[in-house]
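# Results of the structural survey
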Amino acid sequence: MKKRIGLLYGGKSAEHEVSLSTARAVTGALNFEEYEVYPIFITPEGEWRRGELLKKPASTIEELQFGDDVTILENNITDFLIDNNGKAIQFDVIFPLLHGTNGEDGTVQGLLEVLNLPYVGNGVLASSAGMDKVIMKQLFEIAGLPQVPYTYFIRSDWANEQEAIIARCEEKLDWPMFVKPANLGSSVGINKATNRDELVKAIEIALQYDRKIVVEQGIVAREVELAVLGNDFPEVSVPGEIKPVTEFYDYDSKYKDGSTALIIPAELPVNTVSGLQDLAKRAFKAIDGSGLVRADFFVTADNSIYINEVNTMPGFTPVSMYPLLWQHTNVSYPELIDRLITLAIERFEEKQ
Ligand code: ADP
Ligand code: MG
Ligand code: MG
């Protein structure tokens, strides 16, 4: 029997467009002899729309947006479970291809839990812990993972004790500092500060995106990423290096100008590679990951390693780092998709 998959993509998030390209690529890699694929599109406004069973891979992203002639599943998100004759569609698995807020942060995962549906990737806890940079750093700290010094505060603290916060940053951290909204991705709202004035400016920008702000020590280092795949016994890929041409790996270099070089495998001493692989696994366990994470590190000139973050739904187009890392570790894109689906079903069955 064919497995029935609900591909969930788009989303009310800054990474809506990226998600659409990913969905198109995934339909191209799924074996239609083996899978029945239902497209479920979340509009930028957050409306859910389910399309008809896909007969073949989508050739454009427009095809996955259905146009205006589709019934909007208004006010009732769970209508995606009902077919046109009012009968329930029995999904074997939901594959969320959503990045950022309302998708990668545990919210959609919570909905799927309540509906008792198996889904690909991280559960509620890992997803939300991975989305909040403060919680993530605290979990890494408890797990004993090396990271750069940091401090954090919330918007109302800033309003009341600005001077004290600046003093705390200067006391704990050296210049330059990186200021980040706690709950975003894709480098949105992140700025580097080399002095007090820039710090205040960077904090005020970050506060436009989030009520919780992280300030961390800037580091001169290479950026190296590893892919983790599995549930209780995760496997780790070879490392890959990112070489942005801009000053840091910002939103445009991630998605727009295509100027960033990905070097896979990264050129590193064997010891450093095994150190990174061990830390990537420990980071996955620290957030109680399942399915997949991409673990991102800083590696300094003397090969000291610091963990930067994990991403629980990393970029997943065929030219994104996560799938490319597996390709260089002998797991092809279609095979990777199969593995993720199997892992999702295994985790669900184990829970029952
Ligand atoms: P996001 O979740 O948005 O990707 P990151 O924490 O990875 O946020 O920061 C985005 C980019 O900013 C990093 O890839 C890196 O280029 C740069 N960066 C972040 N923190 C530091 C730091 N402490 N020192 C130097 N560069 C940093
Ligand atoms: Mg991130
Ligand atoms: Mg990052």
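For clarity, every value in this text was computed on a predicted model and none was experimentally measured.

Attention now goes to a negative patch on the surface. Judged by side-chain charge, Asp232, Asp288, Glu346, Glu349 and Glu350 come together as a negatively charged surface patch. Overall, aspartate 232 belongs to the partly exposed group, its relative accessible area being 49%.

Looking at the metal site, the magnesium ion (ligand 2) is ligated by Glu309 (OE), Glu309 (OE) and Asn311 (OD1), spaced 2.2 to 2.6 Å from it. Separating the magnesium ion (ligand 2) from the magnesium ion (ligand 3) is a gap of 3.8 Å, which glutamate 309 spans by donating to each of them.

Before going further, it helps to spend a moment on the domain arrangement of the chain. In terms of domains, the chain is made up of domain 1 (3-119), domain 2 (130-145 + 220-331) and domain 3 (150-217). For domain 2 versus domain 3, the separation of C-alpha centres amounts to 24 Å. Summing both partners gives a buried area of about 1400 Å² for domain 2 against domain 3, and 53% of it is carried by carbon and sulfur. If you look at where domain 2 meets domain 3, you find two salt bridges. Lysine 212 is the salt-bridge partner of aspartate 132, the closest N and O atoms lying 2.8 Å from each other. Across the contact surface, domain 2 and domain 3 share five residue pairs in polar contact (both at pLDDT 80 or more). At the level of elements, α4 (133-142) and α7 (251-255) are the ones that each hand at least two residues to the side of domain 2 that touches domain 3. For the side of domain 2 that touches domain 3, the element with the highest residue contribution is α4, accounting for six residues.

About the thresholds
- Residues numbered from 1 in each chain as written.
- Chains lettered and ligands numbered in written order.
- Predicted model: local features only at pLDDT ≥ 70, side-chain atom pairs only at ≥ 80, totals over all residues.
- Heavy atoms only, no water.
- Patch = residues over 30% accessible without salt bridge, like charges linked within 9 Å, V, L, I, M, F, W, Y side chains within 5 Å.
- Areas by Shrake-Rupley, 256 points an atom, 1.4 Å probe, with all protein chains shown as cover.
- Salt bridge = Lys/Arg side-chain N within 4 Å of Asp/Glu carboxyl O.
- Lys, Arg positive; Asp, Glu negative; His and termini not counted.
- Charge placed at Lys NZ, Arg CZ, Asp CG, Glu CD.
- Buried < 20%, exposed > 50% of the residue type's maximum accessible area, 1.4 Å probe, protein only.
- Donors = N, O, S within 2.8 Å, 3.2 Å for Na, K, Ca; no water.
- Domains from an automatic or database assignment.
- Buried area = accessible area lost by both parts, 1.4 Å probe.
- Polar contact = N/O pair within 3.5 Å; in protein donor to acceptor, adjacent residues only side chain to side chain.
- Helix = DSSP H or I, 4+ residues; strand = E, 2+ residues; numbered from the N terminus.

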